[in-house]
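# Breakdown of the fold
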Amino acid sequence: MLLPETKRGSTHDLETLLYDSFGEALVIPDLPPDTRKLYEQALQTGRET
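Predicted model only: the values in this text are computed from it and were never measured.

### Remarks on the environment of Gly-23
Among the structural elements, Gly-23 can be located in helix 1 (residues 14–25). Residues Gly-23 and Met-1, spaced 22 residues apart in sequence, show a C-alpha to C-alpha distance of 15 Å. Beyond its immediate chain neighbours, meaning those up to four positions away, Gly-23 contacts Leu-18 and Leu-43.

### Looking at the side chain of Thr-6
Within the secondary structure, Thr-6 sits in the segment before helix 1. Setting aside chain neighbours within four positions, we find Thr-6 in contact with Leu-14, Leu-18, Phe-22, Ala-42, Thr-45, Gly-46 and Thr-49.

What counts as what
Here, residues in each chain are numbered from 1, in the same order as that chain's written sequence. This being a predicted model, a pLDDT of at least 70 is required before a residue's local features are given, and a value of 80 or more before pairs of side-chain atoms are given or counted; all residues contribute to the totals for chains, interfaces and linings. In computing side-chain values, all of the structure's heavy atoms are included and hydrogens and water are not. Working definition: helices are DSSP H or I runs of at least four residues, strands are E runs of at least two. Numbering for both runs from the N terminus. Whether two residues are in contact is decided by their heavy atoms, any of which lying within 4.5 Å being enough.

Spatial relationships are all this shows, so hold off on functional conclusions.
If you want it as structure tokens, here you go:
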């Protein structure tokens, strides 16, 4: 549900929205590699937005 938010440049809270979800999940040691890649891409898209 949050993936579309990565491109929402109309909010100053984008960093909080994305990091508190995708960024925090990256510290999970057993996060599957495909999920990790998806979350990293979501953060990258948010940075570019």
